[in-house]
Every structure is written in structure tokens, then in C-alpha cells.
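# Examination of the molecular architecture
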Amino acid sequence: MLAFILRRLAQAVVVMLTVAFIAFMLFQYVGDPVTNILGQDATPEQRDQMRADLGLDQPFFVQFGRFVANAVQGEFGLSLRQGQKVSTLLLERFPATLELVVVAAVIALVVGIPMGVYTALNRGTFLSQVMLTFSLLGVSLPTFLIGILLIMLFSVTLGWLPSFGRGEVVKLGEVWTTGWLTVTGWKHLILPAVTLAIFQLTLIMRLVRAEMLEVLRTDYIKFARARGLSNRAVHFGHALKNTLVPVITITGLQLGGLIAFAIITETVFQWPGMGLLFIQAVTFADIPVMAAYLCLIALIFVVINLAVDLLYFAVDPRLRVERPGGGH
């Protein structure tokens, strides 16, 4: 177990350094931050001074080394657009993104898994066909189009829900804010959360359905039926339990992807999260914010991947059987 964790941690370090290097190298060539800050009318002396103040006159690897050293300490430098610490900007936006992702993940799991089980156990029924049609639409339609359609229906036509912003929030501590404690906060959260959840929901549903159908054809399910067990015991005591083992890995990674995919949703609904901050940084060529965001997303994926691997390791006893060489 310890060797397994150490190997995963070593791989995580390599991945993080690779992502940091690629992000920093690419964004060195996106726009000119000095021109964006000073404008076209700045003198050469002013431009040189600003470049020196920002550390942009240093060699590439010096800048990259400083970036990595600061990132390890949680510091990503100053935003070229807002003149604030990037870490402060991310901390201010992180609560909004996390709340959106958590609600979307809960919707995707709570709705997707039962729908997958239902469509597997009730093939050919009208409701099952409706669910499968819905899943095809959810997988096929782009997220931004789903968001626009929901805004047109529930905000413009019916006027039930707001179409942008986060609503009223309550401050908890120094930087943490939450909309979960206010009515307007929940109203503003519903549409973007549903928009973000639909693709993941339909993906989980189809994955659970496919795995459930595969498990129901196995010999041990036939043996359980031959023993006279009830359909409920067979379906939920044996089939569903074994269905969820391979689903854990894919679902965990997909839920991690919610944070990355939140960029589109936050842009459509003007949700003040990290995704919207990243889009604004791209427009302004704010290199520190862009690089920090990509590294943060990579870190989240690495952590979730490690957690999923450990959970898979705990759930599936076959992985805990030691091999002759002493490995797992």
C-alpha cells in the first residue's frame, strides 16, 4: 500500500512540473502584458521599467524557477491585469466555483445512477426510452447551448430564475463566501448547476446502464437467481454493488473535470468563479493568472485521481492481493 502511494505521488510531481512548464512556456507568447498595462503611447523607458518591475526581463528559466518556487508556497505572483496577488484572486473566486461544482456533482450522481439502474432493469419501457433519448441530447448538445436554452426558458420566458450572477452571499471568515445560506443564492445557483451537471449526469447514466447490463449477464448473477434470491436482492445486493466498482474510476475523474468544464458555464451565466477569472485573464494575456489556474486544475485532477485509485484499491479486494514480486 505504501509503495503504491509513493509511486502515485512521484507520478503526481512529474505531472505537475510538466503542466507548469508547458503552461508557463506557452503563455510567454500570448500577447504583451506591458502594452496592456501601459498602453500604446508609453515611452521605451517606461516599457523597460515596467518589464523590469514585472521580472519579464529575466531569462525564461529564471522566471519559471521563480514561478515554481512561489507556487510551492502558494504564491503565484501578481496579476498583470488587477495588480493583486494571484493567490488572493483565486481564493476569492474559489468558493463560487466549488459550490457550483459540488451542487452539479450531487445532481449528476443522485439523478444519474438511479436513471442508469432503471434503464438497465426496465429495457423497452416508454420511460426508459425517454431517459435514453434525454441522455443522447445531454451528451450531444454543447454546454453553452444548454445554458442558453435554460436561460431562454426559465429566465426570459417563465421568469422563474435569474440568468446571471451569484446572488446574495454570506461571508464566512476572511475570504470564504457562500450563497448556500441565502434564498437568492440558491436561485442563482440552480440554472448554472443544472447546466454543468447535465453532461456528467447523462454520462454516468449510460455508464451505469452499460455496466449493469454486463453484470446481469454474469454467471454469479445466474447462480444467485438459481438460489431463489428475490429480484431486489439480486439487483441491488449483488449486481449494483459490482457495477459501481468500475464506475468509481470514471465517475471520479469526470467529477474532477467539472471544475475544468465550469469555465463555459461560468462564462454563460457570468458566475464569479475561477473559470470566469481565467477567461478574463486570457483576454488580457494575464500570464500569472493563466499559469496558476492551469496548475491548480492539474493539481485537482492529480489529487482526485489519487483518491479514486485509493478508493478503487479499497473497494476491489483483487487489487490488494500481493504479487509474487511483493508489489500490488
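Attention in this report is confined to the structure presented alongside it. Please read these numbers as outputs of a predicted model, since none were measured by experiment. (Residues numbered from 1 in each chain as written. Predicted model: local features only at pLDDT ≥ 70, side-chain atom pairs only at ≥ 80, totals over all residues. Heavy atoms only, no water.)

The next thing to look at is the overall build of the protein. When helices and strands are counted, the protein shows twelve helices and two strands. The 328 residues of the protein split such that 39% are buried. Long-range pairs, those at least 24 residues apart, make up 68% of the contacts in the protein with a sequence separation of at least 6. The averaged location of the 19 negative side-chain charges in the protein is 17 Å from the averaged location of its 23 positive side-chain charges. (Helix = DSSP H or I, 4+ residues; strand = E, 2+ residues; numbered from the N terminus. Buried < 20%, exposed > 50% of the residue type's maximum accessible area, 1.4 Å probe, protein only. Contact = heavy atoms within 4.5 Å. Lys, Arg positive; Asp, Glu negative; His and termini not counted. Charge placed at Lys NZ, Arg CZ, Asp CG, Glu CD.)

Time to look at the layout of surface pockets. Volume-wise, the largest pocket comes out at about 530 Å³. Lining the largest pocket are 22 residues, with Met16, Ala71, Phe76, Cys295 and Leu299 sitting closest to its centre. Those elements giving two or more residues to the lining of the largest pocket turn out to be helix H1 (2-27), helix H4 (60-72), helix H5 (86-121) and helix H12 (287-315). A breakdown of the residues in the lining of the largest pocket according to their chemical character gives 20 nonpolar, two polar and no charged. Each pocket or cavity is described by its volume, and for the second largest pocket that value is around 360 Å³. At the level of elements, helix H3 (44-54), H4 and H12 are the ones that each hand at least two residues to the lining of the second largest pocket. (1 Å grid on protein atoms, 1.4 Å probe; cavity = no way out; pocket = protein on both sides within 12 Å on 5 of 7 lines; lining within 4 Å. Points joined across faces, edges and corners; volume = space filled by probe spheres on them. Nonpolar A, V, L, I, M, F, W, Y, C, P; charged D, E, K, R; others polar.)

Taken together, the side chains of Glu45, Asp48, Asp53 and Asp57 present a region of like negative charge at the surface. Checked against the element boundaries, Asp48 lands in helix H3. (Patch = residues over 30% accessible without salt bridge, like charges linked within 9 Å, V, L, I, M, F, W, Y side chains within 5 Å. Areas by Shrake-Rupley, 256 points an atom, 1.4 Å probe, with all protein chains shown as cover. Salt bridge = Lys/Arg side-chain N within 4 Å of Asp/Glu carboxyl O.)

The largest bend along helix H8 (residues 183-216) reaches roughly 40° and is located at Ile198. Measuring from the backbone nitrogen of Gly185 back to the side-chain oxygen at the start of H8 gives 3.0 Å, which picks out Thr182 as the cap. (Bend = angle between axes of the 7 residues up to and from the residue. Polar contact = N/O pair within 3.5 Å; in protein donor to acceptor, adjacent residues only side chain to side chain.)

Our next topic: the pattern of salt bridges. Scanning the model with the defined rule gives one salt bridge in all. In this structure, Arg166 and Glu99 form a salt bridge, with 3.3 Å as the shortest nitrogen-oxygen distance. Of the two residues, Arg166 sits in the loop between helix H7 (143-157) and strand S1 (170-172) while Glu99 sits in helix H5, which places them 67 residues apart along the sequence. Like Glu99, Arg166 is buried.

By secondary structure assignment, the location of Gln82 is in the loop between H4 and H5. Counting along the chain gives 199 residues from Gln82 to Ala281, while the straight-line C-alpha distance between them is 9.7 Å. What Gln82 contacts, discounting residues up to four positions off in sequence, is Leu89 and Leu277.

Our next topic: the packing of aromatic side chains. Under the defined criterion, the tally for this structure stands at four aromatic pairs. With a centroid separation of 6.1 Å and 45° between ring planes, the pair formed by Phe154 and Trp160 is classed as tilted. The class of Trp160 is exposed, set by a relative accessible area of 59%. Plain terms: the ring middles of Phe278 and Tyr293 are 4.7 Å apart, the flat faces sit at 25° to each other, and that makes the pair stacked. In this pair, Phe278 sits in helix H11 (residues 274-284) while Tyr293 sits in helix H12, placing the two residues 15 residues apart along the sequence. (Phe/Tyr/Trp six-rings, centres within 6.5 Å; stacked < 30°, edge-to-face > 60°.)

Attention shifts here to the packing of H5 against helix H6 (residues 126-140). Running from amino to carboxyl end, H5 crosses H6 at an angle of 130°, the nearest separation of the two axes being 9 Å. Between H5 and H6, the angle is such that the two are oblique. Where H5 crosses over H6, the handedness of that crossing is left-handed. Judged by residue contacts, Met115, Tyr118 and Thr119 of H5 engage Leu127, Ser128, Met131 and Phe134 from H6. (Axes fitted to C-alpha atoms, helices over the stretch in contact; angles between N-to-C directions. Parallel < 35°, antiparallel > 145°, perpendicular 65-115°, else oblique. Left-handed = near helix turned anticlockwise from the far one by under 90°.)

With that out of the way, let us pick up the environment of Ala307. The topology assignment puts Ala307 in helix H12. Sequence separation between Ala307 and Ala120 is 187 residues; the distance between their C-alpha atoms is 28 Å.

Nonpolar side chains collect at one region of the surface, where Leu91, Val102, Val106, Val110, Val111, Leu172, Val175, Trp176, Trp180, Leu181 and Trp186 lie side by side and expose about 940 Å² of accessible area between them. Here Trp176 is to be found in strand S2 (residues 176-178).

Of all hydrophobic cores here, the largest spans 37 residues; its most connected members are Phe67, Leu90, Leu196 and Leu258. Elements with a minimum of two residues in this core: H1, H4, H5, H8, helix H10 (231-269), H11 and H12. The element contributing the most residues to this core is H5, with nine residues. Among all residues touching Leu90, those that are not within four sequence positions of it are Phe76, Met274, Leu277, Ala292 and Leu296. Among the nonpolar cores identified, the runner-up in size contains 20 residues, and Leu201, Leu216, Val234 and Val247 belong to it. (Core = buried A, V, L, I, M, F, W, Y, C linked by side-chain atoms within 4.5 Å.)

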